[in-house]
Amino acid sequence: MRGNRLIASPATAFAEAASQILSGKIWGGKVPEERIRVIAEGTPHQSPNVVLYWMHINRRWSWNYAVDRALEWVADREKDLTVLETLPFHQTLTDRHAVFVMEGMREHESLVERGPFLYRAQSRKFGRIAVEYLYSLFQTCDVIIVDDHPDREYRAFLESLASRTRARIEAVDSSGLIPFRSVSRYYPTARGFRTLVQRLLPDTLCQLPDPRPLPERIPFRTKKPSHPFWNAWREDHEVLLNPRQGVKELPLDHSAGPVATKGGPTAARNRWRQFLETALEHYHEWRNHPDENGVSGLAPYLHFGFISPFEMIVDLLKRATEMGWSFDRPSQEADAGTWWNLPPSIAQFLDQLVVWRELGLNLCLRCDDYDRFESLPDWAKKTLTAHASDRRPITYTLEQLENAQTHDRLWNAAQNELREEGRLHNYLRMLWGKKILEWTPDPQTALEWMIYLNNKYGLDGSDPNSYTGISWIFGRYDRPWGPDRPIFGLVRYMSTDSARRKIRLKKYLERYAPEMKETQVTTEDVKD
């Protein structure tokens, strides 16, 4: 069946997959081989007969191939299952990120406190101490399942694990709809990547992870595994009861405090349902207008794995049928450019979810210096370097930018949204970045400062998709644009005046920059 899908035209294969999903046939079978990467062969059939799932990237009980793979090992040898969830140590972590993750940990803990397996949220250890704890715990297991992910530092850490234990270690990919390691090269354009994705997606849709949550799928056993490492669980539990207080004891950057947006799978699904019911139908019309609140707001939840793109695409196909779309439309009428005649709003959202999001996974895996100026396209490096010494009419310090102290009210509003709420409207993120490029001494500094501000304040900071968005500012996934301009060269230029004419901003400005404060700088105050 799989071979037939790959041979069939993308439209026919997509129709077949959609038909299967809409008839209720969610896969829930064996984890596809291309999702499993063996890091260490180990000795999985010896004592202590424990399967450990280290939950670090995809923080959810359902729609998760790593959970499915752990249960395959449990069923195969009647092993005990333990799950350890840790704070992320491969990315920038501030109080706001830690609280967001801890809120999800508390939800996970509450669901399995009396369940058939042991779950522990390690909320009191971070950094090197957490790593040493992890190494020690690995000695108590004979099979270890970890989340696979293309982040450079995380990949390097996974590769180092083989020398730390005799257990079998498998990294399982649940990050994207397309297995990210199955894409063998770096794609420099969204157009080329879109063609590949549309060919591979139907096969993925016929092999979805199990939608049932883990606590409902594992047989109840009265005896749970015990080990001294689990004895301090109550102290972690107390931290999770009040994470905003608990993070103060961790060695984190406390200057980016918690935000109002709640973390966890339930908050993620609530936000998703709200978007489906109130904004999806108008997504193609509203998405660029900050006043319309037409975006999903799911980037932080996808980043921390609280919601699965598999679940989302199933919901999108169901909603498409409610909007009049039919998967059995004749193939000659199916236009790949509109995702085979899906409603415009769903087609555009799907393009963001599948193409642009997963382009980030491809970038981080196949371009190891993805966060460095040297990784940009040759034409972009050449033109930006040629204009690096151009006089900047206005420049700002990092501190001024961080505190939204510029002469540009719209830019200040965007920075205030990022700093105060941990998010940045998709359209304004582009303008935000273009102005930083214009206001900093050189493009290398601009890139460094953009990454710093985004990763520190954005709840989705450090995400692969953040790096595609930031590097787009400098010409990645774009083309040369004439005329040749000062500072930008042939890199696409954006202006505040143009944005004000194109998009609806009145309510947004009133909310995030109600007035220019007296203490803020003007064009006369800044450095030439």
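Quick caveat, the model's predicted, so the values are computed rather than measured. (Residues numbered from 1 in each chain as written. Predicted model: local features only at pLDDT ≥ 70, side-chain atom pairs only at ≥ 80, totals over all residues. Heavy atoms only, no water.)

Novice: Which parts of the structure should I look at to understand the overall build of the protein?
Specialist: Secondary structure summary: the protein contains 22 helices and six strands in total. Computed over C-alpha atoms, the radius of gyration of the protein comes to 24 Å, within 12% of the 24 Å expected from 2.2 N^0.38 for 528 residues, which places it in the range of a compact globule. If you line up the protein on its principal axes, its C-alpha atoms span 70 × 60 × 40 Å. Out of the 528 residues in the protein, the part that is buried amounts to 59%. Residue pairs at least 24 apart in sequence account for 81% of intrachain contacts in the protein once pairs closer than 6 positions are excluded. Total accessible area computed for the protein in this model is approximately 22000 Å², and 48% of it derives from carbon and sulfur atoms. (Helix = DSSP H or I, 4+ residues; strand = E, 2+ residues; numbered from the N terminus. Rg over C-alpha atoms; globule rule 2.2 N^0.38 Å. Buried < 20%, exposed > 50% of the residue type's maximum accessible area, 1.4 Å probe, protein only. Contact = heavy atoms within 4.5 Å. Areas by Shrake-Rupley, 256 points an atom, 1.4 Å probe, with all protein chains shown as cover.)

Novice: Explanation requested: the state of the cysteines in the structure shown.
Specialist: One covalent bond between the sulfur atoms of two cysteine residues makes up a disulfide. The full count for this structure, using the stated rule, is zero disulfides. For the unlinked cysteine C364, the closest cysteine sulfur is that of C367, found at 8.6 Å. In this structure C364 comes out as buried when scored by relative accessible area, which is 2%. With a relative accessible area of 10%, C367 lands in the buried category. (Disulfide = S-S within 2.5 Å.)

Novice: Looking at this model, I keep getting lost on unusual backbone geometry. Mind explaining?
Specialist: Glycine aside, the phi torsion of most residues is negative, and most peptide linkages are trans. Each neighbour pair has its own omega, and for G482 with P483 the value is 0°, a cis peptide bond. Mapped onto the secondary structure, P483 falls in the loop between α20 (464–473) and α21 (496–502).

Novice: Quick question: what am I supposed to make of the packing of aromatic side chains here?
Specialist: Taken as a whole and assessed by the stated rule, the structure comprises 27 aromatic pairs. With a centroid separation of 6.0 Å and an interplanar angle of 25°, the aromatic rings of W272 and F275 are classed as stacked. With W272 and F275 both in helix α10 (residues 265–278) and three residues apart, the pair spans about one turn of that helix. Across this residue pair, the class does not change: W272 and F275 are buried. (Phe/Tyr/Trp six-rings, centres within 6.5 Å; stacked < 30°, edge-to-face > 60°.)

Novice: Explain the confidence of the model for the protein to me, please; I cannot follow it from the model alone.
Specialist: The predicted coordinates ought not to be read in detail in places where the model reports low pLDDT. Here the protein shows a mean pLDDT of 90. Residues at 70 or above account for 90%. This stretch, residues 330–334, has a pLDDT under 50; its non-local contacts, to residues over four places away or in other chains, come to six contacts. In the predicted structure, residues 518–528 sits below a pLDDT of 50 and forms 25 contacts with residues beyond four places in sequence or in another chain. (pLDDT = per-residue confidence, 0-100.)

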